[in-house]
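Observations on the model geometry
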Amino acid sequence: MSVKYEAMVVTCIDPRCQKFIPIFLKEKNLEDKYSLFSIAGGTLAVTGDSYKNWKQTFLDNLKITITNHKIHKIIVINHRDCLMAKEMFGDECVSNEECETNSHHRINELFQNQISKIYPDIKFEYYLLSIDGKFLNMKA
C-alpha cells in the first residue's frame, strides 16, 4: 500500500543537529508527513565527486520515496560548521559565515539542477542550520 507524504528531508548525520530537525519539521506541520534521508554531509555528499556511490544511493532512495510515498518536495537541511563542507571548501571558508553561506547556496543550486533533470516536477526548500538551532531559509 502506498502512502502519500509531503516531502523527503535530506540532512547530515551530525549529532549536534539532530535534536533541532524534528522540532523544526513539526513547526512546519510536517510531523509524520516526511521520509528522512540522512547521510554524512547531506547534499554536499550527494553532489560531490568524492562519494559517487552515495549519489546513487540517494537517487535510489528518492525513486523509492517518490514511488511509494508520493512526495512532491525535497527539503534540504544542511548545517554550519559541517566537516564535509570543510573538506570541500576549506576551513577558512567554513569559518567565514558569508563564504560558508555562499558555498551552501552553490551546492543547493547544483543539487537542484541534478535532481530536476531526473524529476522535473519536484519542488525544493533549503535551510542552513546553525549549531545553536537557528534555521536560515535559503533559496536555490
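One can find the structure itself at the top, above this paragraph.
Here goes a summary of the coordinates provided.

Criteria and thresholds
Residues numbered from 1 in each chain as written. Predicted model: local features only at pLDDT ≥ 70, side-chain atom pairs only at ≥ 80, totals over all residues. Heavy atoms only, no water. Buried < 20%, exposed > 50% of the residue type's maximum accessible area, 1.4 Å probe, protein only. Helix = DSSP H or I, 4+ residues; strand = E, 2+ residues; numbered from the N terminus. Arc of directions from axis to C-beta. Contact = heavy atoms within 4.5 Å. Pairing = 2+ DSSP bridges. Axes fitted to C-alpha atoms, helices over the stretch in contact; angles between N-to-C directions. Phe/Tyr/Trp six-rings, centres within 6.5 Å; stacked < 30°, edge-to-face > 60°. Core = buried A, V, L, I, M, F, W, Y, C linked by side-chain atoms within 4.5 Å. Disulfide = S-S within 2.5 Å.

A word on helix α1 (residues 20-27). Burial in α1 covers these residues: Phe20, Ile21, Phe24 and Leu25. One side of α1 holds all its buried residues, which, seen down the axis, span an arc of 125 degrees. Exposed and oriented more than 90 degrees from the buried face of α1 are Lys26 and Glu27. Elements in contact with the buried residues of α1: β1 (7-11), β2 (34-38), β3 (73-79), β4 (123-129) and β5 (135-138). Among the residues trailing α1, Asn29 stands out with phi positive, at a value near 60 degrees.

Strand order in this open sheet of five strands is β2-β1-β3-β4-β5, and the pairing throughout is mixed. Whereas interior strands pair on both sides, the edge strands pair on one side only; in this sheet they are β2 and β5. Direction aside, neighbouring strands of the sheet carry axes that sit 25 degrees apart on average. One ladder, built from four bridges, connects β4 with β5; its direction is antiparallel. In the strand pairing of β5, Tyr127 is matched with Asn137.

Under the counting rule described, the total for this entry stands at seven aromatic pairs. Summarising the aromatic geometry, the rings of Phe24 and Phe135 are spaced 3.8 Å apart at their centres and angled 10 degrees between planes, so their arrangement reads as stacked. Of this pair, Phe24 sits in helix α1 while Phe135 sits in strand β5, and the two are 111 residues apart along the sequence. Classification of Phe24 by relative accessible area gives buried; the value is 11%. Each member of the aromatic cluster is reached from another via a ring pair, and the members are Phe37, Phe58, Phe111, Phe124 and Tyr126.

A few words on the nonpolar core. For soluble globular proteins, nonpolar side chains are generally found buried alongside one another. Phe58, Leu62, Ile74, Phe111 and Ile115 are the most contacted members of the largest nonpolar core, which has 20 residues in total. Elements with a contribution of two residues or more to this core: β1, α3 (52-69), β3, α6 (97-118) and β4. When near neighbours in sequence (up to four residues on either side) are disregarded, Ile115 contacts Phe58, Leu59, Leu62, Ile74 and Phe124. Among the nonpolar cores identified, the runner-up in size contains twelve residues, and Ala7, Phe24, Leu30 and Tyr127 belong to it.

This part covers the side chain of Arg80. Here Arg80 is to be found in the loop between β3 and α4 (83-89). Taking the relative accessible area as the measure of exposure, Arg80 reaches 12% and is therefore buried. The residues contacting Arg80, other than those within four sequence positions of it, are Arg16, Glu97, Glu100, Thr101, Leu128, Leu129, Ser130, Ile131 and Leu136.

A covalent bond between the sulfur atoms of two cysteines is what we call a disulfide. Going through the model one piece at a time under the given rule, you end up with one disulfide. Note on cysteine connectivity: Cys93 is disulfide-linked to Cys99, with sulfurs 2.1 Å apart. Where Cys93 bonds to Cys99 through sulfur, the torsion about that S-S bond is close to -105 degrees, and the disulfide is left-handed. According to the relative accessible area criterion, Cys99 is partly exposed, its value standing at 28%. The thiol of Cys12 is unpaired, and the distance to the nearest cysteine sulfur, on Cys82, comes to 4.4 Å. Judged by its relative accessible area of 8%, Cys12 is buried. Cysteine Cys17 shares no disulfide, and the gap to the nearest cysteine sulfur, in Cys12, comes to 6.5 Å.

Functional significance is not addressed by these values, which are geometric in nature.
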